[in-house]
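# Analysis of the macromolecular model
Residue-level listing of the chains:
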Amino acid sequence: MNTLANAAPSQAASSDEAELALQVRIKAGHIIEDQSEMTTRYRKVLEETMLIAADLELSTLALYYKALQTAPTLEDKISVASAMQDELGHAQVMYRLLKGFGYDTEKLVFERDPSEFKTFYLVQHQPQDYVACVVYMLLGDRAGYTTTRDLEESCSYGPYARSLRKVNFEEQFHVAHGEKWTRFFWDMSSETRARVQEAIDHAFPMSVMWFGTPDHMKKRTDQIAYSIRGQSNDELRQRWLNEVVPYCESVGIKVPAHFDKELGQYVLHYEMPILLDEETGKWDYTTVSWEEKFAQWKKGGPTKLSCFQRIQNDVWGSDLW
Ligand SMILES: [Fe+2]
Ligand SMILES: [Fe+2]
């Protein structure tokens, strides 16, 4: 038997052993501080996680642009602008970490093809006015905050977990801003109340899907095995529902979910997945196949590419106002 043929499986076995040994150390509470401690697989999963998080933060810059333009008062403009500034700061924190992993951040942000950025369906839909923007903060920023809180609490890469303290501190403000002004517009007039409900109806199912497919479908669990994150998709979704649904109920906003006492958890009033009609902006609550849902995600929402095209090409400045 030739020696090369022997070498390949034993190398694979030793790398598998190294991966398992790292998983065991991490499960025992070990925090990784240096790249030299990382295995190939760990590093790959961590980099993928940080890159998606960085892209998501960056996409919000263009996401809130319309709300910034149409915010009714100067105070509202300032609060949207400062949230956008926060998000850019979050993106910067994450791209800077990636720089330490050998990425060229200039190229990542300004020269990467927009189709290569990885974002979620929710942030590929731009809130069309200030009311929709505060509803997005209530639901969408909270979805992001749910993910980044879990990363801060659980991520086994110390520098990343610690960098999220500031991020989460600011996200808390975005969510609180969303809560305060959603309630304000709900109480302001019948027109603004209808607008709040319309924005909730549009954003709620997208926010539910922020956390991805149900746990029984998820094939890759490396993020959990290496404690890059602590909670599963369904656990994070429950955490989000546990905060959003009682808030909405306290205001009087209708949402398609409630707490099921017998099951001891929140349940949706529809079975995932469902499709959004991009023409009307309305959801069809008929359950479809996951293939159909994946096709909708692949196609993406209206600002999937344009938000990055805008960041890469626009002349920013007076046009914003
Ligand atoms: Fe953020
Ligand atoms: Fe935010």
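On a predicted model such as this, the values are computed, not experimentally measured, just so you know. (Residues numbered from 1 in each chain as written. Chains lettered and ligands numbered in written order. Predicted model: local features only at pLDDT ≥ 70, side-chain atom pairs only at ≥ 80, totals over all residues. Heavy atoms only, no water.)

To continue, consider the coordination of the iron ion (ligand 1). Taken together, Glu57 (OE), Glu87 (OE), His90 (ND1) and Glu171 (OE) make up the protein donors of the iron ion (ligand 1), found 1.9 to 2.3 Å from the metal. The distance between the iron ion (ligand 1) and the iron ion (ligand 2) comes to 3.7 Å, with Glu87 serving as a donor to both metals. Of this pair, His90 sits in helix 4 (residues 74–99) while Glu171 sits in helix 7 (residues 158–188), and the two are 81 residues apart along the sequence. There is no split in this pair, since His90 and Glu171 are both buried. (Donors = N, O, S within 2.8 Å, 3.2 Å for Na, K, Ca; no water. Helix = DSSP H or I, 4+ residues; strand = E, 2+ residues; numbered from the N terminus. Buried < 20%, exposed > 50% of the residue type's maximum accessible area, 1.4 Å probe, protein only.)

With that out of the way, let us pick up the coordination of the iron ion (ligand 2). Summarising the metal site, the iron ion (ligand 2) is bound by the protein donors Glu87 (OE), Asp141 (OD), Glu171 (OE), Glu171 (OE) and His174 (ND1), whose distances to it range over 1.9 to 2.7 Å. Between consecutive donors of the iron ion (ligand 2), the numbers of intervening residues give the motif E-x53-D-x29-E-x2-H.

A complete count under the given rule lists 14 salt bridges for this structure. For Arg162, the salt bridge goes to Glu33, with nearest N and O atoms at 2.8 Å. Of the two residues, Arg162 sits in helix 7 while Glu33 sits in the loop between helix 1 (3–27) and helix 2 (40–63), which places them 129 residues apart along the sequence. With relative accessibility at 39%, the residue Arg162 sits in the partly exposed group. Under the relative-accessibility criterion, Glu33 is labelled partly exposed at 38%. Across the salt bridge formed by Glu198 and Arg195, the nearest N and O atoms sit 3.1 Å from each other. Of the two residues, Glu198 and Arg195 both sit in helix 8 (residues 190–208), three residues apart, roughly one turn of that helix. Residue Glu198 is classed as partly exposed on the basis of its relative accessible area of 41%. Residues joined in a network through salt bridges with shared partners are Arg142, Arg149, Glu179 and Glu243. (Salt bridge = Lys/Arg side-chain N within 4 Å of Asp/Glu carboxyl O.)

Keep in mind that most residues, glycine aside, have a negative phi and that most peptide bonds are trans. The linkage connecting Met272 with the following residue, Pro273, adopts the cis geometry, with an omega of 0°. In this structure, Pro273 sits in the loop between strand 2 (265–268) and strand 3 (275–277). Phi angles above zero are rare outside glycine, and Ser227 is one such case at about 50°. Residue position: Ser227 is located in the loop between helix 9 (222–225) and helix 10 (233–251).

Once that is clear, we can look at the packing of aromatic side chains. The way to describe two aromatic rings as a pair is by their centre distance and the angle between their planes. For the structure shown, the criterion picks out 16 aromatic pairs. Between the aromatic rings of Trp290 and Phe294, the centroid separation amounts to 5.8 Å while the plane-to-plane angle is 35°, which identifies the pairing as tilted. Taken together, the positions of Trp290 and Phe294, both in helix 11 (residues 290–299) and four residues apart, correspond to about one turn of that helix. With relative accessibility at 14%, the residue Trp290 sits in the buried group. Phe294 gets classed as partly exposed once you look at its relative accessible area, which sits at 36%. Taken together, the ring pairs in this structure connect Tyr130, Trp181, Phe184 and Phe185 into an aromatic cluster. A cation sits over an aromatic face here: Arg112 above Phe117, 3.8 Å from the ring centre. Directly above the aromatic system of Tyr65 lies the positively charged group of Arg310, at a separation of 3.7 Å from the ring centroid. (Phe/Tyr/Trp six-rings, centres within 6.5 Å; stacked < 30°, edge-to-face > 60°. Lys NZ or Arg CZ within 6 Å of the ring centre and 35° of its normal.)

Turning our attention to the side chain of Thr182. Along the polypeptide, Thr182 turns up in helix 7. Under the relative-accessibility criterion, Thr182 is labelled buried at 0%. Beyond its immediate chain neighbours, meaning those up to four positions away, Thr182 contacts Val134, Val135, Leu138, Val196, Tyr247 and Ile253. (Contact = heavy atoms within 4.5 Å.)

All right, on to the environment of Thr287 then. Mapped onto the secondary structure, Thr287 falls in the loop between strand 4 (282–284) and helix 11. Side-chain polar atoms of Thr287 contact the backbone oxygen of Glu271, separated by 2.8 Å. (Polar contact = N/O pair within 3.5 Å; in protein donor to acceptor, adjacent residues only side chain to side chain.)

Here the focus is the packing of helix 2 against helix 7. It is at 14 Å that the axes of helix 2 and helix 7 come closest, and there the two elements cross at 25°. When the axes of helix 2 and helix 7 are compared, the pair comes out roughly parallel. Two packed elements cross with a definite hand, and for helix 2 against helix 7 that hand is left-handed. Judged by residue contacts, Leu46, Thr49, Met50, Ala53 and Glu57 of helix 2 engage Tyr160, Val167 and Glu171 from helix 7. A breakdown of the residues in the contact of helix 2 with helix 7 according to their chemical character gives five nonpolar, one polar and two charged. (Axes fitted to C-alpha atoms, helices over the stretch in contact; angles between N-to-C directions. Parallel < 35°, antiparallel > 145°, perpendicular 65-115°, else oblique. Left-handed = near helix turned anticlockwise from the far one by under 90°. Nonpolar A, V, L, I, M, F, W, Y, C, P; charged D, E, K, R; others polar.)

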